[in-house]
Amino acid sequence: MASALLTSKQASVAHVEENPTSIPAEKNPVVLRIDNIRKSYGDLEVLKGISFDIHQHEVVALLGPSGSGKSTLMRCVNLLEQVNDGQIWLGDTDITDPAIKQDDIRARIGVVFQQFNLFPHMNVLNNVTLAARKVHHWDKNRANERAMELLERIGMGARAKAFPDQLSGGQQQRVAICRALMTNPELLLLDEITSALDPMLVGEVLDMVRELKEQGTTILMATHEMSFAHDAADRVVLLRKGVIAENGTPEEVMDNSQDPQTREFFSHFRG
């Protein structure tokens, strides 16, 4: 299924570029710019001046121990939290501007959380189309056509009328990913999407993410799946106590870091 989820828009880009993931990231436009972001809860400063860019077709893994600020940063990017200082740019749009229309931004960012967040009383098709219809005002026919296209491409078309409790955890998470792809987002945020899965089901979800990477999807993912991050990410951003401790390729950060704390952190995930 190497091209299974390729949209018509992505297909035209791939046709021109041949293989978008083979182009060095710095030659591609910046999709997301995080500029000196600070976030506090009362006297506790969780993010202490975070800055990095994500380029088109780039997959960036956000890593770090619990309490390092990963979840808070993801919540700031998807507008669930308001930053105290700094700016976040999606393309040419400052999404931290208080005057911004958040629904317009959410139409440009796909988000998948650790929990599947599927409505148990709705079937798969309605779960996938709900936000497109209610938030982005797509008509029912357009939403259903797009949803069935995505579901067919991941082998879930026959389950469109099934309810969440009739699906495995891995199937539910794949449905959640389809929902996030409904509006052809410029950026896909994956927030610990395998942490709620049985270990036997993790592989099928990670395989889907690999396919998205092969198709040139721009992804920021927070994950504890270190071997997957090493293999799938173009770049790793390691957070430690609210600051960026490392920012580089998986080989630079995970294999060859000169920082003793970084080496100790990754040593816990090696056999």
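Whatever comes next refers back to the structure up there.
Attention here is on the structure that accompanies the text. All values derive from a computational prediction rather than experimental measurement.

### Observations regarding the sheet that holds strand E3 (residues 59-63)
Backbone-to-backbone hydrogen bonds pair the strands of a sheet. The strands run either parallel or antiparallel.
Argument step 1. Reading across the sheet, the six strands line up as E6-E7-E8-E3-E9-E10 and stay open at both edges, with mixed pairing between neighbours. Looking at strand neighbours, the two that pair on one side only are strand E6 (109-112) and strand E10 (243-248), the edges of this open sheet. Between one strand axis and the next, the sheet turns by 15° as a mean value, whatever way the strands run.
Argument step 2. Bridging between E6 and strand E7 (residues 187-191) involves four bridges; their strand directions are parallel. Within E7, the residue paired with Val112 across the bridge is Leu190.
Argument step 3. Lying on the sheet, helix H2 (residues 70-77) is in contact with E3, E6, E7, strand E8 (219-222) and strand E9 (235-240); it crosses E7 at an angle near 150°.
Argument step 4. Across the sheet, helix H10 (residues 260-267) lies against E3, E9 and E10, angled at about 105° from E9, the strand it touches most.

### What about empty space enclosed by the protein?
Argument step 1. This structure, assessed with the given rule, holds one cavity of 30 Å³ or more.
Argument step 2. Estimated volume of the largest cavity: approximately 40 Å³.
Argument step 3. Lining the largest cavity are Leu190, Glu192, Ile193, Thr194, Leu206, Met221, Ala222, Thr223 and Phe228.
Argument step 4. The residue makeup of the lining of the largest cavity, split by class, is six nonpolar, two polar and one charged.

### Brief notes about the sheet that holds strand E2 (residues 44-55)
Argument step 1. The strand order across the open sheet built from four strands is E2-E1-E4-E5, with neighbouring strands paired in antiparallel fashion. Because the sheet does not close on itself, it has two edges, and the strands there are E2 and strand E5 (93-94).
Argument step 2. As paired strands, strand E1 (residues 30-41) and E2 are joined by nine bridges and run antiparallel to one another. The partner of Tyr41 across the bridge, within E2, is Leu44.

Definitions and cut-offs
Counting from 1, residues in each chain are numbered in the order their sequence is written. Predicted model: local features are reported for residues with pLDDT of at least 70 only, side-chain atom pairs are reported and counted for 80 or more only, and whole-chain, interface and lining totals are derived from all residues. Excluding hydrogens and water, the side-chain figures rest on all heavy atoms present in the structure. One requirement defines pairing of two strands: DSSP has to find at least two bridges between them. Helix and strand assignments come from DSSP, with helices taken as H or I runs of at least 4 residues and strands as E runs of at least 2, each series counted from the N terminus. The axes used here are C-alpha line fits, helices contributing only the stretch in contact, and every angle between their N-to-C directions lies in the interval 0 to 180 degrees. Only heavy atoms enter the contact rule, under which two residues are in contact if any of them lie within 4.5 Å. The definitions used throughout rest on a 1 Å grid laid over the protein atoms alone, on which a cavity is an enclosed set of points accommodating a 1.4 Å probe that cannot get out and a pocket is an open set flanked by protein within 12 Å on both sides along at least five of seven lines; lining residues are those having an atom within 4 Å of a point. Grid points are joined across faces, edges and corners, and a volume is the space filled by probe spheres set on the points. Nonpolar residues are Ala, Val, Leu, Ile, Met, Phe, Trp, Tyr, Cys and Pro. Charged residues are Asp, Glu, Lys and Arg, and all others, Gly as well, are polar.

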